[in-house]
Amino acid sequence: MRLAIKKLDVLRIAGQNVELVIDQSTISGWTKFYPLPKDMLPGVTQKNTACAHCEIPINGAYTRMSIGKVCDPCRRDYMEGKWS
Ligand SMILES: [Zn+2]
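Below you will find a few notes about this structure. (Residues numbered from 1 in each chain as written. Predicted model: local features only at pLDDT ≥ 70, side-chain atom pairs only at ≥ 80, totals over all residues.)

Positive phi, close to 65°, is recorded for Glu55, a residue that is not glycine. A count of 10 C-beta atoms within 10 Å places Glu55 in the exposed class. (Buried ≥ 20, exposed ≤ 12 C-beta atoms within 10 Å, placed from the backbone.)

Next up, the structure:
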């Protein structure tokens with residue numbers, strides 16, 4: 001884990017948005033951090049992040065959960081125990 005944090009530092013110094021780097025790895029289920037693709041670098045319009053549960057791009061509110069960003073309808077389902 002210490003190595004992963006060091007990698008994050010390197011990415012931060014390289015101008016990467018570390019929060020998005022973490023999101024990318026979380027959503028993809030990776031155990032390591034990788035630089036963001038060019039279209040996710042700061043200054044470029046970011047595509048809507050897809051919900052980590054239903055995979056539909058999130059336009060409104062979302063909640064950060066262990067699997068990644070989850071849209072509000074999915075979060076509501078989760079709270080009601082509807083996730084399998
Ligand atoms: Zn969803």
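As a further point, take the environment of Gly15. Turning to its location among the elements, Gly15 is positioned in the loop between α1 (2–13) and α2 (18–28). Here the alpha-carbon distance between Gly15 and Pro35, two residues 20 residues apart in the chain, equals 9.9 Å. (Helix = DSSP H or I, 4+ residues; strand = E, 2+ residues; numbered from the N terminus.)

Take the nonpolar core next. Of all hydrophobic cores here, the largest spans five residues; its members are Cys51, Ala52, Val70, Cys71 and Cys74. Excluding residues that lie within four positions of it along the chain, Val70 makes contacts with Cys51, Ala52, His53, Tyr62, Thr63, Met65 and Arg75. (Core = buried A, V, L, I, M, F, W, Y, C linked by C-beta atoms within 7 Å. Contact = placed C-beta atoms within 7 Å.)

What follows covers the pairing of strand β1 (residues 62–65). Note that β1 and strand β2 (residues 68–71) share four bridges and pair antiparallel. Paired with Tyr62 across the two strands is Cys71, which belongs to β2. Two successive antiparallel strands, β1 and β2, enclose a turn made up of two residues. (Pairing = 2+ DSSP bridges.)

What follows deals with α1. The α-helix winds at 3.6 residues per turn, so residues separated by three or four positions along the chain end up facing the same way. Across its 12 residues, α1 extends 17 Å between first and last C-alpha, which sits within 8% of the 16 Å expected from 1.5 Å per residue. Within α1, only zero of the 12 residues are buried, which leaves the element largely exposed. (Expected span 1.5 Å × (residues − 1).)

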